[in-house]
Amino acid sequence: MNYSKKDRFLLMINKYVLIIATLIILLPLLYVLLASFLEPNVLLSKGISFNPDDWSVQGYVKILQNEAIIRGFFYSILYSVGFALSTVIVSVLAAYPLSVEGFRGTKVIMIFFLITMFFSGGLIPTYLVVKDLGMLNSIWAIILPGAISVWNIILARTYFKAIPKELQEAAKIDGASDLLIFFKIILPLSKPIIFVLALYAFVGQWNSYFDAMIYLEDAKLHPLQLVLRSILIQNEVQPGMIGDQLAMAELKKMSEMIKYSSIILSSLPLIIMYPFFQKYFEKGVMVGSIK
């Protein structure tokens, strides 16, 4: 294409802005990654060093030896996978009937759903509901209360409405029921939106710690995020992670390495997942953008 001088100037500005934005994102990540492999003394005195003699994996060793972090990692996976599954199931089952033409009460139901996006009972009523349902201090307190997302239902409904109606009409002519159409036609064609909803839910739950802090009294049920919170915010590194024989100065030095190692460890599932979800993410995230 032949670009004008104005277009070439704008493209050049856009290129440099994107490069700067990429560096702003990558440099902190690179710093955390390098810091997680540095000796505590080197990190505190010199900062980032590229000398192999200054590198160490002590932070990861201490993390893998700590039961609280390993247990928290397991429960974070459990909560995130359970929350993603429940969110996808509820969203898809709620969205499909609302996308079917001729379904009575669609407008009323959608208005009811939309109201809940702007008004909520708040933390205390929600806590009382969870308590009265007997879900306190259990995995269900993390998985079930937030499983219904009106935004996810709207996304799924929009995607279902974009599927050609001729496919459903042809199936009905052949004698297929609504359930058969849903499971044999709609779901196989809806992999992009299903994976997008699952990814959103998984990432949101993986990064969440507030619900667990409110609803889980047993420290053994705490997800990795609450364990990291005690390390990163409260600066509480458990003695068993380092050894009772170390002095307080060594404790502080080692805590820095453990902080960075913990950040890398908590990011691994998302880094591993995204390449497998990327092709579906690119399709599903464009829902409703093209007619």
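Structure's up top.
Here is a short report on the structure shown in this document. Only a predicted model underlies this, so the values are computations on that prediction, with no experimental measurement involved.

### Focus: the overall build of the chain
Then step 1. Counting its regular elements, the chain contains 14 helices and zero strands.
Then step 2. Expressed as a percentage of its 291 residues, the buried residues of the chain come to 36%.
Then step 3. For the chain, restricting intrachain contacts to residue pairs at least 6 apart in sequence, the fraction spanning at least 24 positions comes to 72%.
Then step 4. Carbon and sulfur atoms form 67% of the exposed surface of the chain, whose accessible area is close to 18200 Å².

### Details of the nonpolar core
The nonpolar side chains of soluble globular proteins are, as a tendency, buried together.
Then step 1. Counting 23 residues, the largest nonpolar core has Tyr96, Phe113, Phe160, Ile181, Ile186 and Leu197 as its most contacted members.
Then step 2. Those elements that provide at least two residues to this core are helix 4 (67-99), helix 5 (106-118), helix 8 (150-162), helix 10 (178-189) and helix 11 (191-206).
Then step 3. If you tally residues by element for this core, the top one is helix 8, at six residues.
Then step 4. Look past the residues within four positions of tyrosine 96 in its chain and what remains in contact with it is Phe160, Gln168, Asp178, Ile181, Phe182 and Ile186.

### Some thoughts on unusual backbone geometry
Then step 1. The phi angle at asparagine 137 is positive, at roughly 60°, despite the residue not being glycine.
Then step 2. By the element assignment, asparagine 137 lies in the loop between helix 6 (123-132) and helix 7 (140-143).
Then step 3. The exposure class assigned to asparagine 137 is partly exposed, which follows from its relative accessible area of 31%.

### Quick notes on the packing of aromatic side chains
Then step 1. Scanning all chains against the criterion turns up eleven aromatic pairs.
Then step 2. Grouped by ring-pair contacts, the aromatic residues Tyr96, Phe160, Phe182 and Phe183 constitute a single cluster.

### Some remarks on the packing of helix 4 against helix 10
Angle between the axes and distance between the axes are the two parameters that describe a pair of packed helices.
Then step 1. In the contact formed by helix 4 and helix 10, the axes pass within 12 Å of each other and the chain directions differ by 115°. The pairing of helix 4 with helix 10 is recorded here as roughly perpendicular in orientation. Both helix 4 and helix 10 take part in a crossing whose hand is right-handed. In this structure, helix 4 uses Val92, Leu93 and Tyr96 to contact helix 10, whose residues at the interface are Asp178, Ile181, Phe182, Ile186 and Leu187.

Calculation rules
- Residues numbered from 1 in each chain as written.
- Predicted model: local features only at pLDDT ≥ 70, side-chain atom pairs only at ≥ 80, totals over all residues.
- Heavy atoms only, no water.
- Helix = DSSP H or I, 4+ residues; strand = E, 2+ residues; numbered from the N terminus.
- Buried < 20%, exposed > 50% of the residue type's maximum accessible area, 1.4 Å probe, protein only.
- Contact = heavy atoms within 4.5 Å.
- Areas by Shrake-Rupley, 256 points an atom, 1.4 Å probe, with all protein chains shown as cover.
- Core = buried A, V, L, I, M, F, W, Y, C linked by side-chain atoms within 4.5 Å.
- Phe/Tyr/Trp six-rings, centres within 6.5 Å; stacked < 30°, edge-to-face > 60°.
- Axes fitted to C-alpha atoms, helices over the stretch in contact; angles between N-to-C directions.
- Parallel < 35°, antiparallel > 145°, perpendicular 65-115°, else oblique.
- Left-handed = near helix turned anticlockwise from the far one by under 90°.

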